[in-house]
Structure formats: C-alpha cells, structure tokens
Amino acid sequence: MNNAYVLGVGLTKFGRFPERTVESLAAEAVVSALEDAGVEWREVEQFYAAHVNQGVAAGQRVVKEIGPSGIPVLNVENCSAAASTALREASLAVRSGEFDLVVVAGFEKMQHGVLLNVHPEDSPEVAMGTTVLPMRFSLMAMEHMSRYGTTVEQFAKVTVKNRDHAVHNPKAQYPSPITLERVLESRMISDPITIFQCSPTTDGAAAAVVCSEDYLRRKAKHARRAVRMVASGLASDVDELAFNRFNLETVRRNARTVYEKAGLGPEDLDVVETHDCFSVAELLAYESLGLCAEGESGKLIDDGSTRIGGRLPVNPSGGLIGKGHPLGATGLSQVAEIVTQLRGEAGARQVEGAKVGLTSNMGMWSSCIHMLAI
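Residues numbered from 1 in each chain as written. Predicted model: local features only at pLDDT ≥ 70, side-chain atom pairs only at ≥ 80, totals over all residues. Heavy atoms only, no water.

J.: Can you lay out the overall build of the chain for me, pointing to particular residues and giving the numbers?
T.: A tally of helices and strands in the chain yields 14 helices and 11 strands. Computed over its C-alpha atoms, the radius of gyration of the chain comes to 19 Å, within 12% of the 21 Å expected for a compact globule of 374 residues. With the C-alpha coordinates aligned to their principal axes, the bounding extent of the chain is approximately 55 × 45 × 40 Å. Across the 374 residues in the chain, those meeting the buried criterion constitute 61%. Of all intrachain contacts in the chain linking residues separated by at least 6 positions in sequence, the fraction that spans at least 24 positions is 77%. Accessible surface computed for the chain: about 14,600 Å², of which carbon and sulfur atoms make up 51%. Computed over 36 positive and 45 negative side-chain charges, the separation of the two mean positions in the chain equals 4 Å. (Helix = DSSP H or I, 4+ residues; strand = E, 2+ residues; numbered from the N terminus. Rg over C-alpha atoms; globule rule 2.2 N^0.38 Å. Buried < 20%, exposed > 50% of the residue type's maximum accessible area, 1.4 Å probe, protein only. Contact = heavy atoms within 4.5 Å. Areas by Shrake-Rupley, 256 points an atom, 1.4 Å probe, with all protein chains shown as cover. Lys, Arg positive; Asp, Glu negative; His and termini not counted. Charge placed at Lys NZ, Arg CZ, Asp CG, Glu CD.)

J.: Quick one: what's the story with the packing of aromatic side chains, residue by residue and with numbers?
T.: Ring pairs (aromatic) are described by centroid distance and by the angle formed between their planes. Within the structure shown, the criterion is met by 2 aromatic pairs. When the centroid spacing of 6.0 Å and the interplanar angle of 80 degrees are considered together, the rings of Trp41 and Phe47 count as edge-to-face. Both rings, one in Phe137 and one in Phe278, keep their centres 5.3 Å apart while their planes meet at 40 degrees; by these two values the pair is tilted. You can see Phe137 sitting in helix H5 (residues 133-148) and its partner Phe278 sitting in the loop between strand S9 (271-274) and helix H11 (279-288), a full 141 residues away along the chain. We classify Phe278 as buried; its relative accessible area is 8%. (Phe/Tyr/Trp six-rings, centres within 6.5 Å; stacked < 30°, edge-to-face > 60°.)

J.: Account for the pattern of salt bridges, naming residues and giving values.
T.: Taken as a whole and judged by the stated rule, the model has 21 salt bridges. In this structure, Arg61 and Glu23 form a salt bridge, with 2.6 Å as the shortest nitrogen-oxygen distance. Of this pair, Arg61 sits in helix H2 (residues 58-66) while Glu23 sits in helix H1 (residues 22-37), and the two are 38 residues apart along the sequence. Here Arg61 falls in the partly exposed class, since its relative accessible area comes to 30%. Assessed through its relative accessible area of 16%, Glu23 is described here as buried. Residue Asp36 pairs with Arg225 through a salt bridge whose shortest N-O separation is 3.0 Å. With Asp36 in helix H1 and Arg225 in the loop between helix H8 (213-218) and strand S8 (227-236), the pair connects residues that are 189 residues apart, well separated along the chain. Looking at Asp36, the relative accessible area reads 16%, which means it is buried. For Arg225, a relative accessible area of 24% corresponds to the partly exposed category. Here the salt bridges do not stand alone but share partners, grouping Asp36, Arg225, Arg343 and Glu345 into one network. (Salt bridge = Lys/Arg side-chain N within 4 Å of Asp/Glu carboxyl O.)

In structure tokens form, the structure reads like this:
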C-alpha cells in the first residue's frame, strides 16, 4: 500500500465567534491548509467533513463556501473523535490508491453549557445521571485516588501546565496562565473536578491536506514539509456503555494496536497531544498510552516530565483545556499541532528535536490515535 502524508494544515483561532458562520470558519481552515500545502482546490479529489452538531450536509455547505467542485463529500460524525476518525478514513483511501490528494476538515460552533446527550431523555442512564460527562471522569479520578494515592493537586496541575503552554499558542482560546490555587478554588463541578479543569465550549475549525507518496514525489511543491502518517487506529467499545464501566481501556487497547502497526513504542515518542476534556482524562491517558506505569501518572505531572522541556511534552498546544475544544475540529487541531512540532515551526512552544509524535482523541466510547513522523 501507499504511504499517506500530511502535506498541509490549517487552523482558525479558537474561541467564541457569534458573528461568524460555521461554514466560514471551516472554509478559512481549508484555504489555510491548501496554502500551507501549496496545492489548489481544483486538485483535490475528495473532501471529508467532520462535525457533531452542524446539521444536514454541513460538508456540502462548506464546499459551497470554498468554491465550485464536483468532488465527493463525506460527512463524518463520531462525537468528539469525528475529525481524527475522518483523517483515518482519508489516509486509508489514499493508502489504497483510490485518491492521490484529499482534504479533511473539522468544524464546530458550540452553545454554552453541557450540550452532549447521546441517550433519550427518558432513559435510565439519564435518570441516574450517568450521562453527565464530568461525573464519569470524577468516578475515574476517585478510583485512581483510592487505588494509587493520586492527589487533587496532581489533577489540577494538568490545567496549570496546559494553560502555561497555551500562552505560546496564538490560536488558543485561553492563552493565559493560571495558578494552582485558582484552579483548586474555582467552582466545583464534580468532585474533584473544578470548572478550570474542564475544557471550554468553543467555536473553531481545523483542516489537513493528505496526499499519497506518488503525489508527493511527482507534484508536491512543499514535499520537504510533509509529515508521514506512520499508523492510525480506531477502537470503539460498547462494554462501557452496556455496563457503565468508566475507564480508558479502549484507549489502552487502541494504543497497543497503533504501536504494533508502527513498529514503535511509547519510548520512541517525542511529543504527544492527548484528549484532556477534563484534567483527569490527561493524567489517566499517560498510563493508557504507556507513557508511564500504572498508577505513576501523578509523578509525571509533579516532576515536570510532560511540560515543554521535560522528558516527554504532552499538549504543547495547550490541550483542550487551554486551546479549546470545538468538538468536530479537536482531533485535527491535535494533528495540526504535531505536524507543526515535527516541522520545527512551533516557535516558543517548540519541542526540541521532535521527530515522532502521537495524537490521542476520544469520543463517546471511541478512541482514535494517529502516529506521525518525519
């Protein structure tokens, strides 16, 4: 099979933009990615549109904004793993030889407050409160604290780190530092998760241009800036749904598969973007991704290992907590950050010598992981 490469990436500013349409945000990200790749829209053979709550035929509406095109449009919804899932499908299409050049975009405009409910209002899960996302991660935190002695402060330090990283990201929704004391003293959402340990609701878009090895060799103007997609994995599991088991076992299983496909392991990684929808999610992901042994994630946040300049920087973009979390765009924003890091173009947040990176994006009962390298 062909290799697939990310040839260009584009990203809007993340934040609140009531004056803008979701189509305009998506078009901005796509045009930026095309310019970054050095390709024309007329060269693109297929378009993947990832979103969660943007209505019928959202991808077609975006194409109308960009320019006339008769190419196929695929709308992809996989909760907040939509964009990374769409990128996986795009890479498979390129590797198969079906297409040489495709574009993937993820986009979202979000309302205030908690808006995700994947169950009917009269379901037992809703009645019991198990559909409230902070509660699910609160239970994971409580178990980890009981089993391994993890502290409230260690969870809160994830927010401090990611907000420090976001200071150097011009696209971030919250590019400002925050103290540990302020995080801990902020409004309680679901013990031990305070409001500053939750990712915000966000408007934004991200895009990537994906090409085949043949296109890269024959036509690419910016071939030296291409980043290879080494391996991708998508794992979904209804076990948690069926039995109300709250853990990151699906991420763990998916990570093992991706490492095996890549012929690499966590020890080969230089930089990671992971899904910190809540601070708890990042800390537990250290263990699920094999970045440390079971129960030792608190030590990594304490000793600064996952900060820029540490042994293995995690979320140099600021993560979902600092950068923002526009559901349909999140997975591609992670990939855009890793591509930028591997190119050595991340400025003040650059991870020195980064050659191999990984993104881990979660949706409801799904995990999508990409490994990229130069």
